[in-house]
Amino acid sequence: MGTPAQATKFNELNGQVDLWMLSAIIALVSIGLVMVASSSMSFAVMTGSGPFHYFIRHLMFLAGGLVLVFFIMRTEIKKIEKYGYVFLGLCFLALLSVWLPGIGKSVNGARRWVHIGPLQFQAVEAVKLMFIVWLSSYLVRYRDQIGVSLKALLKPIGIAGALVAMLLIQPDFGSSALILAITLCMIWLGGANQKHIIGPAIFIVVAMGGIAWLEPYRVKRLTTFLDPWADQFDSGFQLVQAFIAIGRGGFSGVGLGGCILTFDYLPEAHTDLIFSVFAEEFGFVGICVLVALFGILTWRAFRTALGCLELNRPFAAYCAFGLGLWISIQATVSMGVNLGVLPTKGLTLPLISSGGSSLMMTCAAMGLLLRISYELDRARRQRGERTETQRTDESGFIMMNKTPLNAAQLAARAGGKRIEPKMGASA
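All values derive from a computational prediction rather than experimental measurement.

Colleague: What is the right way to read the overall build of the chain from this model?
Modeller: For the chain, the helix and strand inventory stands at 14 helices and 3 strands. Here the chain, with 427 residues, has 47% of them falling under the buried criterion. A total accessible area of about 21,300 Å² is found for the chain, and carbon and sulfur atoms account for 66% of it.

Rendered as C-alpha cells:
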C-alpha cells in the first residue's frame with residue numbers, strides 16, 4: 001500500500017509569497033531606479049559629482065535593502081514577535097544616538113542623522129519599522145483588554161507620544177505626525193473602543209497644531225501652502241516649480257528625461273519632489289499607474305492581514321496592517337505635498353525617492369510583509385492538507401465498518417468535544 005495521506009509532514013509544506021504584492025513592489029522599485037537617474041543627473045553634473053553619482057548611491061542602498069529582505073524572509077514571524085520589547089528599546093536608543101558626540105550629525109539644522117564610518121543613517125526610518133513590530137506585539141498581548149480598558153489603550157499612545165517628543169526636538173514634524181497616525185489606526189484595528197479613541201485623537205490634533213504654530217518656519221510653510229504664488233521666488237519657490245513641472249506633463253507627459261525643471265530649477269528633485277518630475281515626464285497616465293501600484297500594494301497588505309486574522313495569527317495581521325498603513329499614508333502625504341493639497345512635510349515617496357536609510361528600511365518592511373504573506377499561504381496549505389487527511393481517514397474508517405459515523409461519533413474518535421471554528425482576532 002502507498003503512503004497514506006495522513007503521513008504527510010505538515011511542517012514541510014512550503015508557501016508562496018503574494019504575487020500581486022511582489023509585482024507591485026518590483027514595479028515601484030524599478031520606477032524608482034529610473035526616476036532617480038532621470039531627476040538627479042543634471043544636479044550631479046552641476047555639483048561635480050558625475051552624472052550617475054546619485055543613481056549609483058541609490059543602487060548601493062537598494063542592494064543593502066535587498067540583503068535585509070533576504071534575512072527577514074528567512075526569519076519566522078513567531079521569532080520576531082518574541083523581541084517586541086527589544087525593538088521598542090532600540091527605538092529609544094536610535095533616537096538618543098543622534099545626540100551622541102561623534103555619532104549624531106546635524107544636516108540643514110536638523111539633528112536626525114547617525115554617522116557610522118562612511119555611512120549616514122536617518123534613525124527615524126528604522127524607528128518606524130521597529131515601532132510597528134512592538135505595537136503589533138502589544139495589541140496581541142492586550143487584545144482582550146484594549147477594547148474595554150482605557151489604561152491598555154493609553155499605554156501605546158503614551159509611548160508613541162514619548163517617541164514623538166524626541167522627534168520634535170530634532171526636529172522632525174512629518175515623521176512625528178506619521179507615527180501618531182499609524183498608532184491611532186492600529187489601535188482602532190486592534191479593537192479599541194471608538195469612544196475611547198476620539199478624546200486622545202482630538203488632543204493629539206490640537207497639540208500637534210499648537211506645536212506647529214510655535215515654530216515660525218512651520219507657520220511660514222503653512223502660509224506658503226495656502227498661497228505659494230504670494231512669495232514664488234522665496235518660500236513658495238519649491239511648490240511653484242512643482243506645479244509647473246506637473247502642469248507641463250499634461251495627459252501623457254513630455255517623455256523620460258524631458259523634465260527641464262531638473263536643471264537646477266526644481267530643488268531636491270530626486271528626493272522630496274521626485275513625484276513632480278515623474279508627473280512631468282509621464283503625465284496624468286503615469287500618475288494613475290503610480291497611484292494604482294501603491295493601491296495594489298496597500299490592498300494586498302490589508303488582504304493579507306485579514307487572512308491572518310481568519311487563521312488566528314494576530315501578530316502577523318497587525319504587522320501587515322501597520323506596514324500597509326505606513327506605506328499608504330507616507331505615499332499619500334508625499335504626493336499630496338507635490339500636488340499642493342498638503343503642507344510640506346519632508347517625507348520621501350516610498351521605494352521611489354532617492355534616500356539611503358529610507359530606501360533600506362522600506363525594503364526591510366516589504367521583506368517582512370512578503371514573509372507574512374508566505375507564512376499565510378503556507379498555513380492555508382497546511383490547513384487544506386489536514387482537511388484532506390481528515391476526509392481520507394474518515395472515509396477509510398467508514399468503508400471498513402460499512403456504517404456511516406455521525407458527528408458525535410467523530411467527535412468521540414477525536415478524543416474530545418467538537419471544536420467550532422473561530423474567526424480569529426476580533427475587536
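Colleague: How should I be thinking about the packing of helix α6 (residues 150-169) against helix α7 (residues 173-189) in this particular structure?
Modeller: Relative orientation and spacing of two packed helices are given, respectively, by the angle between their axes and the distance between those axes. In the contact formed by α6 and α7, the axes pass within 9 Å of each other and the chain directions differ by 170°. Classified by the angle between their axes, α6 and α7 sit roughly antiparallel to one another. Taken together, the residues of α7 that come into contact with α6 (itself represented by Leu-153, Pro-156, Ile-157, Ala-160, Val-164, Leu-167 and Leu-168) are Phe-173, Ser-175, Ser-176, Ile-179, Leu-180, Thr-183, Leu-184 and Ile-187.

Colleague: Would you take a moment to explain a nonpolar patch on the surface for this structure?
Modeller: Among the surface-exposed residues, Tyr-83, Val-86, Leu-90, Leu-93 and Leu-96 lie close enough to one another that they form a single nonpolar patch of about 480 Å² accessible area. Tracing the chain through its elements places Leu-90 in helix α4 (residues 84-97).

Colleague: Is there a simple way to think about the state of the cysteines in this case?
Modeller: Working definition: the covalent bond between the sulfur atoms of two cysteines is a disulfide. Going through the model one piece at a time under the given rule, you end up with 0 disulfides. Looking at Cys-308, it has no disulfide partner, and the nearest cysteine sulfur is the one in Cys-319, 9.3 Å off.

Colleague: Would you take a moment to explain the confidence of the model for the chain for this structure?
Modeller: Detail in the predicted coordinates should be disregarded across regions flagged by low pLDDT. In this model, the chain carries a mean pLDDT of 81, and residues with pLDDT of at least 70 account for 83%. Taken element by element, the chain is modelled with least confidence in helix α14 (residues 407-414), mean pLDDT 43, and with most confidence in helix α11 (residues 274-310), mean pLDDT 94. Low pLDDT (under 50) marks residues 1-8, which in the prediction has 6 contacts with non-local residues, meaning those over four places away or in another chain. Within the model, pLDDT remains below 50 along residues 395-427, and this stretch shows 30 contacts once partners closer than five positions in the same chain are excluded.

Colleague: Is there a simple way to explain the pattern of salt bridges in this structure?
Modeller: If the charged atoms of two oppositely charged side chains come close together, the side chains can form a pair. Tallied over the entire structure, the rule returns 8 salt bridges. The closest approach of N and O atoms between Arg-313 and Glu-375, which form a salt bridge, is 2.8 Å. Taken together, the positions of Arg-313 in the loop between α11 and α12 (314-339) and Glu-375 in helix α13 (residues 356-401) put the pair 62 residues apart, joining distant regions of the chain. Classification of Arg-313 by relative accessible area gives partly exposed; the value is 25%. Here the salt bridges do not stand alone but share partners, grouping Glu-76, Arg-313, Arg-371, Glu-375 and Arg-378 into one network.

Colleague: Help me out: how do you make sense of the nonpolar core in this one?
Modeller: Taken as a class, soluble globular proteins show a tendency for nonpolar side chains to be buried jointly. Of all hydrophobic cores here, the largest spans 108 residues; its most connected members are Phe-131, Ile-187, Leu-290, Phe-294, Leu-297, Leu-349 and Leu-368. Aside from chain neighbours lying at most four places away, what touches Leu-368 is Ile-72, Ile-77, Ile-80, Leu-129, Val-133 and Leu-323.

Colleague: Looking at this structure, how should I read the packing of aromatic side chains?
Modeller: Working definition: an aromatic ring pair is given by the centre-to-centre distance plus the angle between the planes. A full pass over the atoms with the stated rule returns 8 aromatic pairs. Considering the side-chain rings of Phe-131 and Trp-134, the 5.8 Å spacing of their centres and the 35° angle between planes classify their relative orientation as tilted. Of this pair, Phe-131 and Trp-134 both sit in helix α5 (residues 123-141), separated by 3 residues, roughly a single helical turn. In this structure, Phe-131 and Trp-134 share a single accessibility class: buried. With 5.7 Å between their ring centres and 50° between their planes, Phe-302 and Phe-321 make a pair best called tilted.

Colleague: Looking at this model, I keep getting lost on α11. Mind explaining?
Modeller: Structural remark: α-helix, 3.6 residues per turn; residues separated by three or four positions point the same way. Here α11 contains 37 residues, and its C-alpha end-to-end distance of 39 Å is more than 12% below the 54 Å for a straight helix at 1.5 Å per residue. Backbone geometry just after α11 places Asn-312 at a positive phi near 55°.

Colleague: Whenever I open this one, the packing of α5 against α12 confuses me. Can you help?
Modeller: Closest axis-to-axis distance for the α5/α12 pair is 8 Å, and the angle between their directions is 145°. In this structure, α5 crosses over α12, and the sense of that crossing is right-handed. In contact with Glu-125, Lys-128, Leu-129, Ile-132, Val-133, Ser-136, Ser-137, Leu-139 and Val-140 of α5, α12 contributes Pro-314, Phe-315, Tyr-318, Cys-319, Gly-322, Leu-323, Trp-326 and Gln-330.

Colleague: Would you mind showing me how to read the environment of Gln-120 here?
Modeller: Its location among the elements puts Gln-120 in strand β3 (residues 119-122). For Gln-120, a relative accessible area of 30% gives the class partly exposed. Apart from the residues within four sequence positions on either side, Gln-120 is in contact with Lys-105, Trp-113, Val-114 and His-115.

Colleague: Even after reading the chapter, I still don't get the environment of Ala-379, so can you show me in this structure?
Modeller: Examined against the element boundaries, Ala-379 turns out to sit in helix α13. In this structure Ala-379 comes out as buried when scored by relative accessible area, which is 15%. Along the sequence, Ala-379 and Asn-14 sit 365 residues apart, while their C-alpha atoms lie 8.8 Å from each other. Excluding residues within four positions of it along the chain, Ala-379 makes contact with Leu-311 and Arg-313.

Colleague: Which parts of the structure should I look at to understand the environment of Leu-342?
Modeller: Relative to the elements of secondary structure, Leu-342 occurs in the loop between α12 and α13. If we skip the residues at most four places from it in the chain, Leu-342 touches Phe-225, Thr-332, Val-333, Gly-336 and Val-337.

Colleague: Quick question: what am I supposed to make of helix α1 (residues 19-46) here?
Modeller: For α1, built from 28 residues, the straight-helix expectation of 40 Å at 1.5 Å per residue is met to within 8% by its first-to-last C-alpha distance of 41 Å. In α1, a bend of some 45° at Ser-40 exceeds every other bend along the element. Two or three places before Trp-20, at the opening of α1, Asp-18 has a side-chain oxygen 3.0 Å from that residue's backbone nitrogen. Two residues or fewer after α1 comes Gly-48, characterised by a positive phi angle close to 75°.

Colleague: Even after reading the chapter, I still don't get unusual backbone geometry, so can you show me in this structure?
Modeller: Residues other than glycine predominantly adopt negative phi, and peptide bonds predominantly adopt the trans conformation. That bond from Gln-170 to Pro-171 is cis: its omega, 0°, falls within 30 degrees of zero. Tracing the backbone through its elements, the reader meets Pro-171 in the loop between α6 and α7. For Asn-312, which is not glycine, the phi dihedral falls at a positive 55°. Summarising the element assignment, Asn-312 is placed in the loop between α11 and α12. In this structure Asn-312 comes out as partly exposed when scored by relative accessible area, which is 48%.

About the thresholds
Residues numbered from 1 in each chain as written. Predicted model: local features only at pLDDT ≥ 70, side-chain atom pairs only at ≥ 80, totals over all residues. Heavy atoms only, no water. Helix = DSSP H or I, 4+ residues; strand = E, 2+ residues; numbered from the N terminus. Buried < 20%, exposed > 50% of the residue type's maximum accessible area, 1.4 Å probe, protein only. Areas by Shrake-Rupley, 256 points an atom, 1.4 Å probe, with all protein chains shown as cover. Axes fitted to C-alpha atoms, helices over the stretch in contact; angles between N-to-C directions. Parallel < 35°, antiparallel > 145°, perpendicular 65-115°, else oblique. Contact = heavy atoms within 4.5 Å. Patch = residues over 30% accessible without salt bridge, like charges linked within 9 Å, V, L, I, M, F, W, Y side chains within 5 Å. Salt bridge = Lys/Arg side-chain N within 4 Å of Asp/Glu carboxyl O. Disulfide = S-S within 2.5 Å. pLDDT = per-residue confidence, 0-100. Core = buried A, V, L, I, M, F, W, Y, C linked by side-chain atoms within 4.5 Å. Phe/Tyr/Trp six-rings, centres within 6.5 Å; stacked < 30°, edge-to-face > 60°. Expected span 1.5 Å × (residues − 1). Left-handed = near helix turned anticlockwise from the far one by under 90°. Bend = angle between axes of the 7 residues up to and from the residue. Polar contact = N/O pair within 3.5 Å; in protein donor to acceptor, adjacent residues only side chain to side chain.

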